[in-house]
Amino acid sequence: MRVRIGVGVGGGAASGDPEAFATVVDGLERLGFDSLWVAERAGGSTLDPVVSMTFAAARTTRLKFGPSVMVLPGRNPVLLAKTMASLDRISNGRLLPAFGLGVADTAEHQAFGVARMDRAAWFNEALPLMRRLWTEEVVEHHGHRFHLDAARVEIKPVQQPLDVWMGGIAPSELRRVGRLSDGWLPSFVTPDDVRTGIAEVGRHAEEAGRTIDPEHYGVLLAYSSGPLPDRFMRAIALRQPDKQPEELVASNRRELRPKIEAFIEAGASKFVVMPLDEPPHWEAELEALGADLLPLQD
């Protein structure tokens, strides 16, 4: 099983500072990290994920990159398919697309113009449609939300197929991952959650006549060097109300490796570590992360 380590930004770290973001991108490429993951918050301090990924694609030659995660409901699937195909093409096949329904936040829902109760249906129609646009020359589609006659996306991704990642831990989310996704990257979870989730995703995929690569299970693991920000305490309380924060978040960088090793035992192999607060020196932080975690990739 090939272990791969990526780094996420946008949880309050290096999200809008161009110099800090450039330092992160350059450091990840130089040190040999697998991937960069950028958050999306329409009303937050994070850069737009497409802008961030384009910057990373232009500045590197090896580093993979993806959104963690990009909101799909509210976006035009034809235009988004063209954007994702273009990013994969211009980076020579380094895009890791990851999509979700969006956070449980009224302001975010307002930005995308889709009622909370309508998001899942939108997602379920849009993602398969995008897959067709990435592979078929001409697409005819007449669904509940989208109607296309002879639609084309002539820039095709380098990666065929272009694997799509999703997160989530709720039963409905695990069903959606099994039916529609090529990889699972949940956050705020325990090794037992991952072990159970892998089995559930695999079962739902089999019921849908699909298979998921056993190396396409991972974890986004947040860590903090101080008290958890209030917004993350609220997120943990919403997602895992029966668990303590220390079970779901590393309280410092040194806790990351033993937690990752426990997740590997549970069946995960792809990891994104994300600082919840701004490191005082990004270059030193990445050096330390690399020394601790990159030997796991060997």
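Rules behind the numbers
Residues numbered from 1 in each chain as written. Predicted model: local features only at pLDDT ≥ 70, side-chain atom pairs only at ≥ 80, totals over all residues. Heavy atoms only, no water. Helix = DSSP H or I, 4+ residues; strand = E, 2+ residues; numbered from the N terminus. Rg over C-alpha atoms; globule rule 2.2 N^0.38 Å. Buried < 20%, exposed > 50% of the residue type's maximum accessible area, 1.4 Å probe, protein only. Contact = heavy atoms within 4.5 Å. Areas by Shrake-Rupley, 256 points an atom, 1.4 Å probe, with all protein chains shown as cover. Lys, Arg positive; Asp, Glu negative; His and termini not counted. Charge placed at Lys NZ, Arg CZ, Asp CG, Glu CD. 1 Å grid on protein atoms, 1.4 Å probe; cavity = no way out; pocket = protein on both sides within 12 Å on 5 of 7 lines; lining within 4 Å. Points joined across faces, edges and corners; volume = space filled by probe spheres on them. Nonpolar A, V, L, I, M, F, W, Y, C, P; charged D, E, K, R; others polar. Pairing = 2+ DSSP bridges. Right-handed = clockwise from strand over helix to strand, strands pointing away. Patch = residues over 30% accessible without salt bridge, like charges linked within 9 Å, V, L, I, M, F, W, Y side chains within 5 Å. Salt bridge = Lys/Arg side-chain N within 4 Å of Asp/Glu carboxyl O. Polar contact = N/O pair within 3.5 Å; in protein donor to acceptor, adjacent residues only side chain to side chain. Axes fitted to C-alpha atoms, helices over the stretch in contact; angles between N-to-C directions. Expected span 1.5 Å × (residues − 1). Arc of directions from axis to C-beta.

(A) Here's a closer look at the overall build of the chain. Helix and strand counts for the chain come out as 11 helices and 11 strands. Relative to its length of 298 residues, the chain is compact, with a C-alpha radius of gyration of 18 Å against a globular reference of 19 Å. Overall, the chain is about 55 × 40 × 40 Å in size when its C-alpha atoms are taken along their principal axes. Every one of the 298 residues in the chain was classed for burial, and the buried ones make up 53%. Sequence-distant contacts, at least 24 apart, represent 73% of the contacts inside the chain between residues at least 6 apart. By element, 52% of the accessible surface of the chain is carried by carbon and sulfur atoms, the whole surface being about 13500 Å². A distance of 3 Å separates the average location of the 33 positive side-chain charges in the chain from that of its 41 negative side-chain charges.

(B) Focus on empty space enclosed by the protein. For the structure shown, the criterion picks out two cavities of 30 Å³ or more. Roughly 60 Å³ of internal volume is contained in the largest cavity. Lining the largest cavity are V71, P73, L101, G102, V103, E108, H109, F112, V114 and R119. Here the lining of the largest cavity is built from residues that sort into six nonpolar, two polar and two charged.

(C) Focus on the environment of A56. Here A56 is to be found in helix α2 (residues 49-59). The spacing of A56 and E29 is 27 residues in sequence and 9.5 Å in space, taken between C-alpha atoms. Residues in contact with A56, not counting those within four places in the same chain, are V25 and L36.

(D) Spotlight on unusual backbone geometry. The omega torsion across S68 and V69 is -5 degrees, close enough to zero to call that bond cis. You can see V69 is positioned in the loop between β3 (64-67) and β4 (70-71). Geometrically, the link from Q160 to P161 is a cis peptide bond, its omega value of 5 degrees lying close to zero. You can see P161 is positioned in the loop between β7 (147-151) and β8 (165-166). At F188, a residue that is not glycine, the phi angle is positive and equals roughly 55 degrees.

(E) Highlighting the pairing of β3. Here strand β2 (residues 35-38) runs beside β3; their pairing, made up of four bridges, is parallel. By the bridge assignment for β3, L36 is matched with F65. In this fold, the crossover linking β2 to β3 by way of α2 has right-handed handedness.

(F) Geometry of a positive patch on the surface. A contiguous patch of positive charge on the surface is contributed by R41, R231, R234 and R239. As for its position among the elements, R41 is in the loop between β2 and α2. On the accessibility criterion, R41 (36% relative accessible area) is partly exposed.

(G) View of the side chain of S35. Within the secondary structure layout, S35 lies in strand β2. Within the local environment of S35, its side chain forms a polar contact with the side chain of D34, the two groups lying 3.4 Å apart. A polar contact is formed between the side chain of S35 and the side chain of W37, at a distance of 2.8 Å. Aside from chain neighbours lying at most four places away, what touches S35 is I5, G6, V7, L28, L63, K64 and L96.

(H) Focus on the sheet that holds strand β10 (residues 218-223). Within the open sheet, the five strands sit side by side as β3-β2-β1-β11-β10. Their pairing is parallel. The open sheet has two edge strands with one neighbour each: β3 and β10. Across the sheet, the axes of successive neighbouring strands diverge by a mean angle of 25 degrees, strand direction being ignored. Along the sheet face, helix α1 (residues 18-31) touches β1 (4-9) and β2 and points at about 150 degrees away from the line of β2.

(I) Expanded view of helix α7 (residues 191-207). Spanning 17 residues, α7 covers 24 Å between terminal C-alpha atoms, matching the ideal 24 Å at 1.5 Å per step. When we look at burial in α7, the residues that qualify are D193, V194, G197, I198, V201, H204 and A205. For α7, the angular spread of buried residues about the axis comes to 140 degrees, placing them on one side. Opposite the packed face of α7, turned more than 90 degrees from it, sit the exposed residues D192, T196, E206 and E207. Those residues of α7 that are buried lie in contact with α6 (171-180), β9 (183-184), β10 and α10 (256-266). Following α7 by one or two positions, G209 has its phi on the positive side, about 75 degrees.

(J) Local environment of the layout of surface pockets. Approximately 1500 Å³ is the volume attributed to the largest pocket. Together, 44 residues line the largest pocket, and R41, G102, V103, A104 and R239 are the ones closest to its centre. Residue assignment for the lining of the largest pocket shows that the elements contributing at least two residues are β5 (99-100), α4 (106-112), α6 and α8 (230-239). Of the residues assigned to the lining of the largest pocket, the class counts are 19 nonpolar, 14 polar and 11 charged. Elements represented by at least two residues in the lining of the second largest pocket include exactly β1, β2 and β11 (270-275).

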